[in-house]
Amino acid sequence: MPYQDTSTRERIDPRTLSIALDEILPAERVVGVDSGNFMGYPTMYLSVPDEQGFCFTQAFQSIGLGLATAVGAALARPDRLPVAALGDGGALMGAAELDTVRRLRLPMVVVVYDDEAYGAEVHHFGPDGHPLDTVRFPPTDIAAVGRGYGFEAVTVRSRADLKAVVDWVAGPRTAPLLIDAKVVADHGSWWLEEAFRGH
């Protein structure tokens, strides 16, 4: 579907990011998606080859399970590129599993849709005037966190920054890759607005 790209100089539209990653990453992949405001973007735009190429962990709107799920999917399908799609809140909750990815030498791509918040809560409670100080985060260099665990890492603010992903795909992939995508955060995703309507 056509859309208006809302990317700025500092933040990339999550649709633009996801479409570009779908073009860059090998088609033979298994995608694990965490829960959160961001989850519609990788689910809609990252294609998979078949029903074994998609793992979704949401239960009771729990977040922080996506990375562990992607590790399991990677071990179940070692013939495919594992891709973990996470929000920044869930990524930081499950950060210990970055060590598991590195220790197991999985050639995984971890994509963090970083909106500096628990985005679902911001967009659900914010319009009603609820305080949001406990669900917004200070800027975090998640790429540096990934490097600390032994990942190659890149901060993405524009499509041009994805050249590092192209280079990683073409290279030996001796370390996993973490993409800290600073995504536009000024509105909730379309699916969230629909899901929360009337609640």
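These lines cover the structure that appears in this document, whether it is placed above or below. Every value quoted in this text rests on a predicted model; they were computed, and no experiment measured them.

Side note on the side chain of Lys-182
No. 1: Within the secondary structure, Lys-182 is located in strand E6 (residues 177-182).
No. 2: Since its relative accessible area comes to 5%, Lys-182 is described here as buried.
No. 3: Setting aside residues no more than four positions away along its own chain, Lys-182 makes contact with Glu-10, Arg-11, Ile-12, Asp-114, Thr-140, Thr-155, Val-156 and Arg-157.

Considering the nonpolar core
No. 1: Counting residues in each nonpolar core, the largest one holds 28 residues, and the members touching the most others are Leu-17, Leu-21, Val-165 and Ile-179.
No. 2: Of all the secondary structure elements, the ones that give two or more residues to this core are helix H1 (14-24), strand E1 (29-33), helix H2 (40-45), strand E3 (81-87), strand E4 (109-114), strand E5 (152-156), helix H8 (163-170) and E6.
No. 3: When neighbours within four sequence positions are excluded, Leu-21 is seen to be in contact with Arg-29, Leu-46, Val-111, Leu-162, Val-165 and Ile-179.
No. 4: Judged by nonpolar contacts, the second largest core, of 19 residues, contains Val-110, Val-112, Ala-153 and Leu-178.

As for the packing of aromatic side chains
No. 1: This structure, assessed with the given rule, holds 2 aromatic pairs.
No. 2: Ring geometry for Phe-38 against Tyr-113: centres 5.3 Å apart, planes inclined by 25°, an arrangement best described as stacked. Of this pair, Phe-38 sits in the loop between E1 and H2 while Tyr-113 sits in strand E4, and the two are 75 residues apart along the sequence.

Quick notes on unusual backbone geometry
No. 1: Of note, Arg-105 is a non-glycine position whose phi angle comes to about 55°, a positive value.
No. 2: Looking at the secondary structure, you find Arg-105 in the loop between helix H5 (96-103) and E4.
No. 3: One non-glycine residue, Arg-173, lies in the positive phi region at around 55°.
No. 4: The topology assignment puts Arg-173 in the loop between H8 and E6.
No. 5: Owing to a relative accessible area of 27%, Arg-173 belongs among the partly exposed residues under this scheme.

Topic: the sheet that holds E1
No. 1: Strand order in the open sheet formed by 6 strands is E2-E1-E3-E4-E6-E5, with parallel pairing between adjacent strands. Where the open sheet ends on each side, the last strands, each with one partner, are strand E2 (54-56) and E5. Neighbour-to-neighbour, the strand axes of the sheet open up by a mean angle of 15°, direction not taken into account.
No. 2: Sheet analysis places E4 next to E6, joined by 6 bridges and oriented parallel. Within E6, the residue paired with Val-112 across the bridge is Asp-180.
No. 3: The strands that H1 touches are E1, E4, E5 and E6; relative to E4, the one it contacts most, it runs at about 170°.

Reading guide: rules and limits
- Residues numbered from 1 in each chain as written.
- Predicted model: local features only at pLDDT ≥ 70, side-chain atom pairs only at ≥ 80, totals over all residues.
- Heavy atoms only, no water.
- Helix = DSSP H or I, 4+ residues; strand = E, 2+ residues; numbered from the N terminus.
- Buried < 20%, exposed > 50% of the residue type's maximum accessible area, 1.4 Å probe, protein only.
- Contact = heavy atoms within 4.5 Å.
- Core = buried A, V, L, I, M, F, W, Y, C linked by side-chain atoms within 4.5 Å.
- Phe/Tyr/Trp six-rings, centres within 6.5 Å; stacked < 30°, edge-to-face > 60°.
- Pairing = 2+ DSSP bridges.
- Axes fitted to C-alpha atoms, helices over the stretch in contact; angles between N-to-C directions.

Interpretation in functional terms is not warranted from these geometric data alone.
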